[in-house]
Amino acid sequence: MERRRHARVFLKAYGLNQSCRVHMGGMDRIAQLIDISPGGSRLLLDDGGPVPPQGMRGVLLRGENFRLAYLVDVAYTVAWVNGSEFGASFDVDLDASVSGLQADLADLAG
């Protein structure tokens, strides 16, 4: 049964491969942003570091190679883990709608 409150926007659909910096477990890590919605995101850790456990809290600090004002210092909780991917459930919804995210990603894709 689907439990998400928001539709997901897949970055690959826009031809985007976006990395971001996250802080978790007392350290900064680089992750790939796979999809995003106002309520959360799917991230891929490919730096060889430890995978966060479900329930760990963290902060999405900022995009590494892109800038969206609402994607700075976003607190989250790890909702699920699958291999080196994890779901980040944002503590507070982003200040952007799904259509707003789509428009911003389309602008980034040029």
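Figured I'd write up the structure that's included with this text. (Residues numbered from 1 in each chain as written. Predicted model: local features only at pLDDT ≥ 70, side-chain atom pairs only at ≥ 80, totals over all residues. Heavy atoms only, no water.)

**Description of the pairing of strand β3 (residues 27-37)**
Strand direction decides the pairing type here: strand β1 (residues 9-10) and β3, joined by two bridges, are antiparallel. Counterpart to F10 in the pairing with β3 is D35. Examined bridge by bridge, strand β2 (residues 18-24) and β3 share seven bridges and lie antiparallel to one another. Looking across to β3, one finds that R21 is bridged to I30. Between β2 and β3, which pair antiparallel and follow one another directly, the connecting turn spans two residues, one of which, G25, has a positive phi of 60 degrees. As paired strands, β3 and strand β4 (residues 40-45) are joined by six bridges and run antiparallel to one another. Paired with L33 across the bridge in β4 is L43. Hairpin remark: β3 followed by β4, antiparallel, with two residues in the connecting loop. (Pairing = 2+ DSSP bridges. Helix = DSSP H or I, 4+ residues; strand = E, 2+ residues; numbered from the N terminus.)

**Some remarks on helix α1 (residues 98-109)**
The end-to-end C-alpha separation of α1 is 16 Å, in line with the 16 Å expected for twelve residues at 1.5 Å each. One or two positions beyond α1, positive phi appears at G110, with a value near 80 degrees. (Expected span 1.5 Å × (residues − 1).)

**Observations regarding the packing of aromatic side chains**
If you walk through the whole model with that rule in mind, you get one aromatic pair. Geometrically, the ring pair formed by Y76 and F86 is tilted, given 6.0 Å between the ring centres and 35 degrees between the ring planes. With Y76 in strand β6 (residues 74-82) and F86 in strand β7 (residues 85-90), this residue pair connects regions lying ten residues apart in the sequence. For Y76, a relative accessible area of 0% corresponds to the buried category. (Phe/Tyr/Trp six-rings, centres within 6.5 Å; stacked < 30°, edge-to-face > 60°. Buried < 20%, exposed > 50% of the residue type's maximum accessible area, 1.4 Å probe, protein only.)

**Some thoughts on the pairing of β2**
Here β2 lies mainly inside the structure; five of its seven residues are buried. Inspection of the sheet shows β2 paired to strand β5 (residues 57-63) by five bridges, in the antiparallel sense. By the bridge assignment for β5, V22 is matched with L60.

**Re the environment of D107**
Here D107 shows up in helix α1. Taking the C-alpha atoms as reference points, D107 and D91, separated by 16 residues in sequence, lie 26 Å from one another.

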